[in-house]
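Residue-level listing of the chains:
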Amino acid sequence: MTDDGSEVDDGSDGNVTDSLATVVSGGALVSGSKFVALGFGFLTQVAMARLLTEAAYGDVVLSLTVVNMATLVATLGMDDGVMREFPHHEETPAKARGVVRSSLTVGTVTGLLAGGAVFVLAPTIAERAFHDPSLAGLLRVAALGVPFSVLGSIAVSLARGSRDARAHAFVNQLFRPAVRFGLIAGLVIAGAGATGAVAGQTAAVVLAGLGALWFARRALPAFEAEPTAMYRSVLVFSLPLALSQGMGFLVSNVDIYMLGYFGSKAGIGAYNIAFQLSNLFTAILATVGFLLPPVLTRLHDRGKHDEMRRTYQVMTKWMVVGGVPLFVVLFGFPETVIGLAFGDGYRDGATALRILAVGNFLAILLGLNTQSLVGLGANHVINYVLVAQTAVNVTLNYLLIPTHGIVGAAVASAVAVFVSDVLGSAVLYSRFGVHPFTRRAFRPATWTLGVGAAVAVAFGFSIPAGAVAAVVAFPVAVLGAVEPQDALLVEELEDRSGIALGPLRRLVRAAGDDPSTVIKSLK
């Protein structure tokens, strides 16, 4: 029995550690590159917020949101679908190669159709949806990148399905953000305005799509068999995911659409900044647990349910470690963060940022439940979960935005996220016995929130207080989470990477008992 109350089977911990090492080794690469991507993404948002007017920035946000929806529809859920289908058929070369060929062929056709539809219908969308004909030109520029975005997404997911995180890390999180920032900043500074910002984004998407295809080709194994036609298999599994992704996208972006319909473009800009900052929590979920779904797929196929549960719990614990310090800063000092980065004109988004931070932090505490359900083949259940989430979000947005503006949109989003994660976690536990709750997952939260409260009482909600909280929060969270059993994971990572992790090993030992004692007791 572990200190979190879960049982540990004799002889299983080596396998648990191996699964965790696979997830963490991929997650480490993704997390490192994601840090760079977040930096460039932050600089890109700052450049647009400071160099464009608030109305022009709102135009860019609306245009890219519409085109992102078209990309999502054109992908048909294949980005998540092939992530499961490829490892499921990996030991049958003809079928595995068929998954690759079928998904890329379908993606090419649907990407061209969706991009062409947005290009042709741009004036109608601009006039009827947002009552602003001037948006048509921006929509047409952005539509040119749709086919490349679809193919790039599928290519990255194929590599991810083979448990290779390099395509995502190098292309989506290093190359594309850097190129996007350079092009957008250069074009906006040159005086191209909102059109330049959208054109820079589109050019980055095109180049990244081509790069993802090249990386995926190198990441996938060389099959020596003729491909089996897998169109039906890929689409049967992926199409339900397209519905769930569509509802998920609607949940994430209905705020922008309804603010565009009811409110001002300046309000959209302030809310988008708050929303993007709160999405840093989503980045933690996506990076630390990037390879978790395909690992759970293989464990489930082999009937290793105890390993599934423990792997999920340990990853949730470390996602909490990454999320708590961020929550302390964004919830405690939102005006400072927004004002310093984006300017005083966007400080109106501070209250919305606080609300969104609460919703996203609760999502981290409940773990990567939706993606785990995809990896375990319960994608049809996700549709029901997202229907409930979408209904809550749309209803609350409709009721709250007309009277409370961006604060109402933030409340709607936070409540909808919480509803979705509670339902997803309930299904994950009832069907697979997997849950995120351990004592070590809550300890970093309580310790770090206590430190944040103490800093606020001592220094007030000032810039120095925010700096102190940012510096102190992470080591406090790590000390609250680390446990002697993590030595197993550290040793496995050392073996895989060939890098000595002595300081980390010493930190694990400082958590309590000597790891060798724990390891012997588990054998």
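Preceding this paragraph is the structure being described.
Computed from a predicted model, the values in this text were never measured in an experiment. (Residues numbered from 1 in each chain as written. Predicted model: local features only at pLDDT ≥ 70, side-chain atom pairs only at ≥ 80, totals over all residues. Heavy atoms only, no water.)

Focus on the overall build of the protein
For the protein, the helix and strand inventory stands at 22 helices and zero strands. For the protein, the residues scored as buried account for 55% of the 523 residues in total. In the protein, the proportion of contacts linking residues at least 24 apart, taken out of those at least 6 apart, comes to 84%. For the protein, the exposed surface amounts to about 21000 Å²; the carbon and sulfur share of it is 64%. (Helix = DSSP H or I, 4+ residues; strand = E, 2+ residues; numbered from the N terminus. Buried < 20%, exposed > 50% of the residue type's maximum accessible area, 1.4 Å probe, protein only. Contact = heavy atoms within 4.5 Å. Areas by Shrake-Rupley, 256 points an atom, 1.4 Å probe, with all protein chains shown as cover.)

Quick notes on the nonpolar core
Core analysis: the largest hydrophobic core is formed by 83 residues, its most contacted members being Val60, Leu158, Tyr271, Phe281, Phe342 and Tyr346. A total of ten residues in this core trace back to one element, the largest contributor, which is helix H2 (residues 54-75). Apart from the residues within four sequence positions on either side, valine 60 is in contact with Met48, Leu52, Ala194, Ala197 and Val198. Among the nonpolar cores identified, the runner-up in size contains 21 residues, and Val295, Met308, Tyr312 and Val385 belong to it. (Core = buried A, V, L, I, M, F, W, Y, C linked by side-chain atoms within 4.5 Å.)

Digging into the packing of helix H3 (residues 78-88) against helix H4 (residues 93-130)
Their axes nearest at 10 Å, the elements H3 and H4 cross at an angle of 170 degrees. One element, H3, and the other, H4, form an angle in the roughly antiparallel class. Of the residues in H4, those touching H3 at Met78, Val82, Glu85 and Phe86 are Ala96, Val99, Val100, Ser103, Val106 and Gly107. Of the residues assigned to the contact of H3 with H4, the class counts are seven nonpolar, two polar and one charged. (Axes fitted to C-alpha atoms, helices over the stretch in contact; angles between N-to-C directions. Parallel < 35°, antiparallel > 145°, perpendicular 65-115°, else oblique. Nonpolar A, V, L, I, M, F, W, Y, C, P; charged D, E, K, R; others polar.)

Quick notes on the environment of alanine 199
With respect to the helices and strands, the residue alanine 199 is situated in helix H8 (residues 193-219). Sequence separation between alanine 199 and alanine 142 is 57 residues, and the spatial gap between their C-alpha atoms is 6.8 Å.

What about the packing of aromatic side chains?
Scanning the model with the defined rule gives eight aromatic pairs in all. Taken together, a centroid distance of 5.2 Å and an interplanar angle of 15 degrees make the contact between phenylalanine 327 and phenylalanine 331 stacked. Taken together, the positions of phenylalanine 327 and phenylalanine 331, both in helix H13 (residues 305-332) and four residues apart, correspond to about one turn of that helix. A cation over a ring is seen here: arginine 140 above phenylalanine 119, with NZ or CZ 5.1 Å from the ring centre. We note arginine 354 situated over the ring of phenylalanine 331; from NZ or CZ to the ring centre the distance is 5.7 Å. (Phe/Tyr/Trp six-rings, centres within 6.5 Å; stacked < 30°, edge-to-face > 60°. Lys NZ or Arg CZ within 6 Å of the ring centre and 35° of its normal.)

Here's the deal with the pattern of salt bridges
Note that side chains of opposite charge can pair when their charged atoms are close. Within the structure shown, the criterion is met by one salt bridge. Taking the shortest distance from any N to any O, the salt bridge between arginine 354 and glutamate 335 comes out at 3.7 Å. Linking arginine 354 in helix H15 (residues 350-365) with glutamate 335 in helix H14 (residues 334-342), this pair joins segments that are 19 residues apart in sequence. On the accessibility criterion, arginine 354 (23% relative accessible area) is partly exposed. The class for glutamate 335 is partly exposed, based on a relative accessible area of 32%. (Salt bridge = Lys/Arg side-chain N within 4 Å of Asp/Glu carboxyl O.)

Remarks on unusual backbone geometry
In most cases, non-glycine residues show a negative phi, while peptide bonds are predominantly trans. Its identity as a non-glycine residue notwithstanding, leucine 76 has a phi of 60 degrees, on the positive side. Among the secondary structure elements, leucine 76 is positioned in the loop between H2 and H3.

Details of H15
Compared with the 22 Å implied by 1.5 Å per residue over 16 residues, the 23 Å span of H15 between its first and last C-alpha is a close match. Of the residues making up H15, those classed as buried are Ala350, Ala352, Leu353, Leu356, Ala357, Gly359, Asn360, Phe361, Ala363, Ile364 and Leu365. After H15 finishes, the residue glycine 367 shows a positive phi value of roughly 85 degrees. (Expected span 1.5 Å × (residues − 1).)

Thoughts on the side chain of asparagine 393
As for its placement among the helices and strands, asparagine 393 is situated in helix H17 (residues 379-432). In this structure asparagine 393 touches Leu250, Val251, Val254, Asp255, Ala412, Ser413 and Ala416, once residues within four positions along its chain are discounted.

Considering a nonpolar patch on the surface
On the surface, Phe119, Val120, Leu121 and Leu144 cluster together to form a nonpolar patch covering roughly 380 Å² of accessible area. Inspection of the secondary structure assignment puts phenylalanine 119 in helix H4. Note on phenylalanine 119: relative accessible area 36%, which makes it partly exposed. (Patch = residues over 30% accessible without salt bridge, like charges linked within 9 Å, V, L, I, M, F, W, Y side chains within 5 Å.)

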